[in-house]
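Single-letter residue listing:
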Amino acid sequence: MADAFDVIVVGAGPGGYVAAIRAAQLGMTVACVDKRDAPGGTCLNIGCIPSKALLQSSERFAAAQHELAAHGVRVADVTLDLKTMLARKDKVVSDNTHGVEFLFRKNKVEYVKGTARLGARDRVAVALNAGGRRELAAKKAIILATGSDSASLPGIAIDERRIVSSTGALALSAVPKHLVVVGGGYIGLEMGSVWRRLGAEVTVVEFLDRITPGMDAELSAALQRSLERQGFKFRLATKVAEAKSGKDGVTLALEPAKGGARENLDADIVLVAVGRVPHTAELGLKEIGVALDEKGRIKVDGRFATNVAGLYAIGDAITGPMLAHKASEEGVVLAEMLAGSKPVLDYDAIPAVIYTWPEVATVGRTEEQLKAAGVTYKTGKFPFSANPRARANGFTEGFVKILADARSDRVLGVHIIGPDAGTLIAEAALAMEFAASAEDIARTVHAHPTLEEAVKEAALAVDGHPIHI
Ligand code: FAD
Ligand code: NAD
């Protein structure tokens, strides 16, 4: 006999667990199935949270070594206790996953630990982690929120020892002498920053002729310069043809991306960070006829419905940016749709942040996208070097750039590289959500002295009259 619920969610990542809680808040009975014993998905277990814990710890280590003296704070003999740093990261993860378990209990969501397979459009068979099977039936909907996995490269076998994915890079037992990162995107630059700050030499091998493709090009160039000052080395327009693991390390064969002579590069650890692919393998989608797109993502319409009635999908497993907050918002919107509301998710106002130093944060369209679309726009820029709080804090790198429609003044994109960019971008996302003009931001009173004043000044600069530059 199957246990019946209004909604069954497969996957307890930021998409699935948030969808489950919101559906329960709206009065539905909900089961959430995940093959991990701890909920939270990629993000809480092996993604956003452990990487930010290590970024924070490594930033403290680097500050103690290089920055405190300028503040008149003398510290001697700064040494690394990697074991404690990694244990702290694990504790941060378990505190967060326990938090989700608490929220499940509070909202009466039943968490089922096991691997789910669709038996029919309204049936899920779960191979329980504890052994045995359980049949679940959905009265209203099944939500597939099964997320994504690290992409691999042909000829480079990830063993999570010498050649690691982000998961291995979060748990190296010693600081590598030379870490080669394949892929100059989010993971490569964040995890590269962690190990660089802890003392590794870091070389990033990127296939394209720039890092962070898709970001506003001016930000990518500024980030590359900043990381180079921190000691990163970049091999752009380069591909890895082959990787040979030996006893003491890995030898990579590099080639120009367009083809040409090979050269070798030795590393003791290689991090493969060339993107992520949707994770749908165990679901049995083919058997019940769920359509996938050309990248293996579950095809959905504007209401997250697949081509099979009653089956929905959200998060990394469908199209769009592979970001936790995007997955969560889709979960909320879908749960509310299932309850009969008509919420709207504005995909043009989803912020993205790279948590390097300086941080890079962006929302809306880039200059390249506006040019390609033939939109006439005005640009307002303001450097943190002219912001009093940035000077007081001692971090003056970077700038805020606001792009606004030349005729209507509506904000079309905001791109920030600098201290706390990931926090500052929230104001820009809110402004875009409200269809604000640059003048709306410029006329909003910002507290002094704050980094946020740089956003206001960039908005003033759109109209050509910033005060402090
Ligand atoms: P996931 O979080 O991947 O969760 C899917 C869950 O489904 C998994 O727990 C999996 O076990 C389960 N599952 C899959 N198939 C089955 C099955 N058949 N049966 C049962 N369970 C199943 N995003 C950000 O926004 N900010 C960040 O700072 C950030 N940092 C990241 C750092 C790293 C190192 C990585 C790898 C990713 C990071 N991301 C970040 C991306 C973020 O983790 C993902 O976008 C987000 O987790 C996607 O959420 P999701 O719910 O769609 O899927
Ligand atoms: P990514 O898409 O950010 O970057 C991958 C990089 O690898 C790109 O620059 C790409 O050009 C390059 N590349 C692809 N094939 C290559 C090859 N053969 N050789 C060399 N370079 C190659 O992917 P990622 O860094 O693996 O991260 C995956 C996703 O996880 C991100 O896209 C993002 O959505 C999410 N994520 C987000 C955060 C955050 O929000 N701070 C942090 C980590 C991960």
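Throughout this document, residue positions are counted from 1 along each chain, in the order its sequence is written. Following the order in which they are written, the chains are lettered starting with A and the ligands numbered starting with 1. Only residues with pLDDT of at least 70 are given local features in this predicted model, and only at 80 or more are side-chain atom pairs given and counted; all residues enter the totals for whole chains, interfaces and linings. Where side-chain values are given, they derive from all heavy atoms of the structure, hydrogens and water being excluded.

Segmenting the protein into domains produces domain 1 (3-149 + 277-345), domain 2 (163-274) and domain 3 (349-462). Where each domain starts and ends follows an automatic or database-derived domain assignment. A separation of 29 Å is found between the C-alpha centroids of domain 2 and domain 3. Note on domain 2 versus domain 3: buried area summed over both sides is about 1500 Å², and carbon and sulfur give 61% of it. Among the residues domain 2 hides against domain 3, the three largest losses belong to Asp216, Glu218 and Leu219. Together they make up 35% of the total. The salt bridge criterion pairs a side-chain nitrogen of Lys or Arg with a carboxyl oxygen of Asp or Glu, the two atoms within 4 Å. Joining domain 2 to domain 3, the criterion identifies four salt bridges. A salt bridge links Lys401 to Asp216, with the shortest nitrogen-to-oxygen separation between them at 2.7 Å. Each polar contact in these results corresponds to two N or O atoms within 3.5 Å; when the atoms are within protein, one needs to be able to donate a hydrogen and the other to accept it, and residues that are neighboring in sequence are counted only if both atoms are side-chain atoms. Linking domain 2 with domain 3 are nine residue pairs in polar contact (both at pLDDT 80 or more), by the criterion used here. Take the accessible area each of two parts loses on contact, using a 1.4 Å probe, and add the two losses: that sum is the buried area.

Attention now moves to the sheet that holds strand β10 (residues 233-235). Two strands form a pair only when DSSP identifies at least two bridges running between them. Helix numbers and strand numbers start at the N terminus; a helix is a DSSP run of H or I with at least 4 residues, a strand a run of E with at least 2. Spatial strand order, β7-β14-β8-β9-β10: five strands in an open sheet with parallel pairing. Lying at the two open borders of the sheet, with one neighbouring strand each, are β7 (163-164) and β10. For strand β8 (residues 178-182) and strand β14 (residues 269-272), the ladder comprises four bridges, and the chain directions are parallel. By the bridge assignment for β14, Leu179 is matched with Ile269.

In this section: the nonpolar core. Counting 59 residues, the largest nonpolar core has Val30, Phe104, Ile142 and Leu144 as the members making the most contacts within it. Take this core: its biggest share by element is seven residues, from helix α1 (residues 14-25). Residues are treated as being in contact if the distance between any of their heavy atoms lies within 4.5 Å. Sequence-distant contacts of Leu144, defined by excluding residues within four places in its chain, comprise Val10, Leu118, Leu283, Leu285, Ile298, Leu311, Tyr312, Ala313 and Ile314. The next biggest cluster of nonpolar side chains, apart from the first, holds 35 residues, and it includes Val181, Phe232, Leu271 and Ala273. In plain words, nonpolar cores are sets of buried Ala, Val, Leu, Ile, Met, Phe, Trp, Tyr and Cys residues tied together by side-chain atoms within 4.5 Å. Throughout this description, buried means an accessible area under 20% of the type-specific maximum (1.4 Å probe, protein chains only), exposed means over 50%, and partly exposed covers the range between.

Attention now goes to the site of ligand 2. The criterion for a residue being near a molecule or strand is simple. One of its heavy atoms has to lie within 4 Å of it. Residues in contact with ligand 2 amount to 23 residues; listed here are only the nearest, Ile187, Glu190, Glu206, Met322 and Val353. In this structure, an oxygen atom belonging to ligand 2 sits 2.6 Å away from a side-chain N or O atom of Glu206. Here a nitrogen atom of ligand 2 sits 2.7 Å away from a polar atom, N or O, in the main chain of Val353. Note on areas: Shrake-Rupley with a 1.4 Å probe; residue coverage comes only from the protein chains shown. Isolated, ligand 2 exposes 830 Å² of accessible area, and the fraction of that covered by the protein chains is 79%.

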